[in-house]
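Chains, contacts and geometry: an overview
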Amino acid sequence: MKVDGACSCGAIRIEAEADPEKVQICHYTDCQTATGTAFRVSVPVAGASLKVTGQPAIYVKTTAESGKPRVQAFCGKCGSPIYSTTAGDGVQSSYTLRVGILRQRDQLTPRRQIWWRSARPWVTELGDMPHVEKQR
Ligand SMILES: [Zn+2]
């Protein structure tokens with residue numbers, strides 16, 4: 001399906017072709033730190049289908065776990081995470097988009113969870129917590 005979206009301030013816009021069956025949640029501790037929250041929701045897209053408008057800021061993270069450098073792209077203005085990909089010159093074969101920036105996020109339901117062993121223990125209890133529409 002076609003997906004598109006933008007960072008919080010609108011400086012970075014993306015379009016791509018994504019397979020909704022490939023949406024996943026990552027509970028890895030690096031993902032918790034990089035998002036500032038409990039887990040990351042992502043969908044991989046082919047590099048050939050990805051169109052990026054604007055110039056994302058890049059941070060190359062080498063995880064202790066795999067030892068492989070991973071490019072983390074985010075908006076240098078507002079800080080929204082945009083995607084991650086492999087390190088290297090030119091267009092990479094695959095990019096992992098952050099579902100929270102996509103307009104179609106309602107149709108992008110996660111199909112699996114990875115790094116479950118570092119999941120926050122309360123993630124299974126979210127459905128039982130009190131639901132409040134608005135809180136300020
Ligand atoms: Zn932005």
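You'll find the structure just up there.
Keep in mind the model is a prediction, meaning the values are calculated, not measured.

1. A closer look at the nonpolar core
Ile82, Leu97 and Leu102 are the most contacted members of the largest nonpolar core, which totals 20 residues. When residues of this core are traced back to their parent elements, those giving at least two are strand E2 (13-17), strand E4 (40-46), strand E8 (81-86) and strand E9 (94-98). When residues no more than four places from it in sequence are discounted, the contact partners of Leu102 are Val3, Asp4, Gly5, Ile14, Val43, Leu97 and Leu108.

2. What about a nonpolar patch on the surface?
On the surface, a cluster of nonpolar side chains totalling about 260 Å² of accessible area is made up of Trp122, Leu126 and Met129. Following the sequence through the fold, Leu126 ends up in the segment after strand E10 (112-114). Relative accessible area serves as the criterion here: at 37%, Leu126 is assigned to the partly exposed category.

3. Side note on unusual backbone geometry
You will see that Trp115, though not glycine, has its phi angle at about 55°, which is positive. With respect to the helices, strands and loops of the structure, Trp115 is situated in the segment after E10. Under the relative-accessibility criterion, Trp115 is labelled partly exposed at 27%.

Calculation rules
Residues numbered from 1 in each chain as written. Predicted model: local features only at pLDDT ≥ 70, side-chain atom pairs only at ≥ 80, totals over all residues. Heavy atoms only, no water. Core = buried A, V, L, I, M, F, W, Y, C linked by side-chain atoms within 4.5 Å. Buried < 20%, exposed > 50% of the residue type's maximum accessible area, 1.4 Å probe, protein only. Helix = DSSP H or I, 4+ residues; strand = E, 2+ residues; numbered from the N terminus. Contact = heavy atoms within 4.5 Å. Patch = residues over 30% accessible without salt bridge, like charges linked within 9 Å, V, L, I, M, F, W, Y side chains within 5 Å. Areas by Shrake-Rupley, 256 points an atom, 1.4 Å probe, with all protein chains shown as cover. Salt bridge = Lys/Arg side-chain N within 4 Å of Asp/Glu carboxyl O.

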